[in-house]
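Structural description and commentary
One letter stands for each residue in the lines below.
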Amino acid sequence: MTRKGIRHFYIPEEQSVYLLSHADAKKLKDWIALCVAQLQSLGFTDIGLIGKGAYGFAFGGRDSAGAEMVFKFTRITLPASIQDRLEEEAFMQGLLEHPHIPAVKEFYQRGRQSILMMTRAPGVDLEQISLRDGPIPPRLVVKMAVQLGRILLYLRQFTHDGSPRPIVHGDIKPSNLVWDEHTESLSLIDWGSSVYAQLDEHLQPVQNNVLDLMSGDIQETNARLGDIYFIGDAQLNGERSSPRFDEQGLAGTLYALASGQSARFAHEVITPSSLGLPKLLSDILTHMLSDDVTSQHGGGDYLLSHLNLLENIVFGDDVPAHYEALLPVWVAKEHKNIESVVYSSRKSFLRQQSDLTSEQSQAMSQLGYLNDAQFERYYKNYLDGMGATEKGFLAAISRLARYPVLGGLVIHWQPEGVYIDSSLNLQDPTKEQAFKHAVNTVVILARAIHRQGVFKCCLFDAKNTLHIERDSVDAPFVAGAATAIPYEKSSVSLSASESRVHSYFEDGDDPDEFLALPPQIMQAIKALNAIHHTGCIIFEALENHLKIHSYYRLLDHTKENEFNASLNEIIVSLPLLSGEGTCGFMKLPYKDTRFFEHRVRCADKFYPRNPRTR
Ligand SMILES: Nc1ncnc2c1ncn2[C@@H]1O[C@H](COP(=O)(O)OP(=O)(O)OP(=O)(O)O)[C@@H](O)[C@H]1O
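Parameters and conventions
Residues numbered from 1 in each chain as written. Predicted model: local features only at pLDDT ≥ 70, side-chain atom pairs only at ≥ 80, totals over all residues. Heavy atoms only, no water. Helix = DSSP H or I, 4+ residues; strand = E, 2+ residues; numbered from the N terminus. Buried < 20%, exposed > 50% of the residue type's maximum accessible area, 1.4 Å probe, protein only. Areas by Shrake-Rupley, 256 points an atom, 1.4 Å probe, with all protein chains shown as cover. Pairing = 2+ DSSP bridges. Contact = heavy atoms within 4.5 Å. Axes fitted to C-alpha atoms, helices over the stretch in contact; angles between N-to-C directions. Polar contact = N/O pair within 3.5 Å; in protein donor to acceptor, adjacent residues only side chain to side chain.

Along its length, the protein chain carries 17 helices and 23 strands. Residues classed as buried in the protein chain amount to 56% of the 614 residues present. Carbon and sulfur atoms make up 51% of the accessible area of the protein chain, which amounts to about 26700 Å² in all.

Here it is, written out as structure tokens:
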């Protein structure tokens, strides 16, 4: 990706409310209450928050006739230029009339706050369904392909005052598709990245009016950057907008849905031809996802001209999949309401260092101290120093934290294959199948990556994070009297000889860690290391705010007093901590180390031509 692509990027902030400082969390709550009050004063009822996007929030409610509506608000803290975009969104979406596109009803301006009101698309967004179910059955993927294809045709053929004016949505991805499971129909939402296409599908300039031609910037793209997990290279590289952009969004989306992933990147390993799709759709996706532009366009044209053929493919009943996890997964009997966050270290290990410009390296080190929830979004910018499979691997790691899960993973790449130590404790039995599939994706992608080194990640509950604030950078962090690092105990006490665990220190220093801990805290961590337990602790020091994330499980109950004393020693030594940055330690059980040979890609598998013979 060139710098040009990065220029279009606005970095949104999105965090678990549990990771916000007390003041920020309160501001957020107050703001949501204010939005609800504003909607009530406009006469709407049954108001509730339904979605949170990068730039704002969406509320559901009913109008006086009882019809379900959606109200989109932009975060008032964002710059005016971003706020104005809601009005542009209302304008573009307001042009469209299509049964699978929500209709704009009103655009309100209340002081600095703008509100976009539209009809509510029935159903649940497809990212949620994908997380709930794992890969979507081939029959439904084909159905979605047909419906989405028809929307793209409508956008390609859009006219204004009798002249062709194709429109680009610009951000097609699973979370922007709402799926009604009863009628099996989808709606394309979030028109915040949509623009009039500058080029048609043959990449010829759209016949603009004289004013457009005179405006002089016809060589500059008017495109907005969609989600880089789904968009294609042309949009990423800042090329002029065309209907081809949305074909790429469609291909990335269908691929992700069919493969139970949250990104398009891994298609060379988990190929479209390995997903059990009908060969026709698999071939189309292979072409559309290829690096060759002619092949991409050929695939897109073929799809849009063969929607009827796809629609007439015969399917048997959907067969619920059963996944055997490639790593041990412990499933709690009951759903526990936790808010999982993943922190992964050694990300730079996955990067091809030589590809980084000095500008990027500098930006990277400045970003190093951001926490992952934020970092992950920022980080999307910097994925470009990685190969596609490495990006897919990181997207697969992020997907794990979309489930309520505690524990961690350590992956050791060796010439002969991959060794994986893990502790994965899923807190929701209804998600077992989908989670196991998500774990298998991590393993499949790890096997396809060839390098020597270690990657680690910890999964913890953000609700257990301790927050300690200070007035200025020079002031010490002082924890309140009752502050304690929480831990749980294994059901039975285990002595060190009964099961081995990793040492906090065995893999050496992490090159991505930017916070040096004072000797007193290091001493306490060394003392902890000698006590039989598993878990992780992460210190994240910001200017005025320290967060301590942790997940601890004590195995040797006879050492509980020492364990407590060391945890307490960490808390009382916090005032000695100086500097900003993140650093963490983790200990995993050894007994479940799994070995996998390298494997370049998955085997082909297609939907049977005659489904009755399955
Ligand atoms: N018309 C609609 N009908 C049903 N749900 C909607 C509608 N519009 C928005 N939502 C819900 O609200 C969420 C956020 O809306 P939207 O994606 O438009 O916001 P955004 O701030 O542009 O988000 P992002 O750019 O991060 O995807 C959606 O994921 C969806 O769940």
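Read from one edge of the open sheet, 3 strands run β6-β10-β11, paired in antiparallel fashion. At either margin of the open sheet sits one strand with a lone partner, and together these are β6 (124-125) and β11 (185-188). Note that β6 and strand β10 (residues 177-180) share 2 bridges and pair antiparallel. Paired with Asp 125 across the two strands is Val 178, which belongs to β10. Across the sheet, helix α5 (residues 138-156) touches β10 and β11, and the angle it forms with β11 is around 40 degrees.

This part takes up the side chain of Thr 441. Mapped onto the elements of the fold, Thr 441 is located in helix α15 (residues 432-448). Those residues in contact with Thr 441 that sit more than four places away from it in its chain are Gln 261, Ile 270 and Ala 396.

With that out of the way, let us pick up helix α4 (residues 126-133). For α4, the set of buried residues is Leu 126, Glu 127, Ile 129, Ser 130 and Leu 131. You can read the cap of α4 off the contacts: a side-chain oxygen lies 3.0 Å from the backbone nitrogen of Glu 127, and it is on Asp 125. One or two positions beyond α4, positive phi appears at Gly 134, with a value near 75 degrees.

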